[in-house]
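Coordinate analysis (summary)
What follows is each chain in one-letter form.
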Amino acid sequence: QVHLVESGGGLVQAGGSLKLSCAASGLTFSNRGMGWFRQAPGKEREFVARARTDGTPYYSDSVKGRFTISRDNAKSTVYLQMINLKPGGTGVYYCATKKRFTSSGGTVLSDYDYWGQGTQVTVSS
């Protein structure tokens, strides 16, 4: 049974930083790409970043240069370091495991099969 548990969310002022963690269990973590999504109040869940099995990252344009995704396969954990946070970054952040074979580049929800429960990030202005 696959479990993903996010942590590290909280309240931060605009311009501040947070580091999110997502611990995975019940799967061979090193074989799976991992992604981060966020969902702002009243909006759809959107892609933030993903890391391939070798750690190669890809980011949405809105976070490029400010967020860094990384993974530690020995700990079965993926991270999202966020700096220079903006009020628009408020929302619930979810990690997810990417399906082994997808036609997209890992930027859409349907590319992922298991999801964590999310961690709240609130950026105050």
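An account of the accompanying structure is given in this report.

The rules we used
- Residues numbered from 1 in each chain as written.
- Predicted model: local features only at pLDDT ≥ 70, side-chain atom pairs only at ≥ 80, totals over all residues.
- Heavy atoms only, no water.
- Helix = DSSP H or I, 4+ residues; strand = E, 2+ residues; numbered from the N terminus.
- Rg over C-alpha atoms; globule rule 2.2 N^0.38 Å.
- Buried < 20%, exposed > 50% of the residue type's maximum accessible area, 1.4 Å probe, protein only.
- Contact = heavy atoms within 4.5 Å.
- Areas by Shrake-Rupley, 256 points an atom, 1.4 Å probe, with all protein chains shown as cover.
- Phe/Tyr/Trp six-rings, centres within 6.5 Å; stacked < 30°, edge-to-face > 60°.
- Lys NZ or Arg CZ within 6 Å of the ring centre and 35° of its normal.
- Disulfide = S-S within 2.5 Å.

Below, the discussion takes up the overall build of the protein. When its secondary structure is counted, the protein shows zero helices and 11 strands. Starting at the N terminus and walking to the C terminus, you meet the elements of the protein as β-β-β-β-β-β-β-β-β-β-β. Here the C-alpha atoms of the protein give a radius of gyration of 13 Å, agreeing with the 14 Å that 2.2 N^0.38 yields for 125 residues. The principal-axis extent of the C-alpha atoms belonging to the protein is close to 40 × 30 × 25 Å. Looking at the protein as a whole, 45% of its 125 residues qualify as buried. Here the analysis covers contacts within the protein between residues at least 6 apart in sequence; of these, 57% occur between residues at least 24 apart. When the accessible surface of the protein is totalled, it reaches about 6,300 Å², and 48% of it is carbon and sulfur.

Further remarks concern the packing of aromatic side chains. Overall, the coordinates contain five aromatic pairs when judged by the stated rule. Taken together, Phe-37, Phe-47, Tyr-58, Tyr-112 and Trp-115 form an aromatic cluster joined through their ring pairs. Above the plane of the ring of Trp-115 lies Arg-45, whose end atom (NZ or CZ) is 5.0 Å from the centre. Here the basic side chain of Arg-71 rests over the ring of Phe-29, its NZ or CZ set 4.5 Å away from the ring centre.

Moving on, we come to the environment of Ser-7. Locating Ser-7 in the fold gives a position in strand β1 (residues 3-7). For the pair formed by Ser-7 and Tyr-94, sequence separation is 87 residues and the distance between their alpha carbons is 9.8 Å. The contact partners of Ser-7, leaving out residues within four places of it in the chain, are Lys-19, Leu-20, Ser-21 and Thr-119.

Below, the discussion takes up the state of the cysteines. Inspection of every chain in the model, using the stated rule, returns one disulfide. Across the disulfide, Cys-22 is cross-linked to Cys-95 (sulfur-sulfur distance 1.9 Å). Between Cys-22 and Cys-95, the S-S dihedral sits near 50°, and the bridge is therefore right-handed. Of this pair, Cys-22 sits in strand β3 (residues 18-25) while Cys-95 sits in strand β9 (residues 91-98), placing them 73 residues apart in sequence. Cys-95 shares its class with Cys-22; the two are buried.

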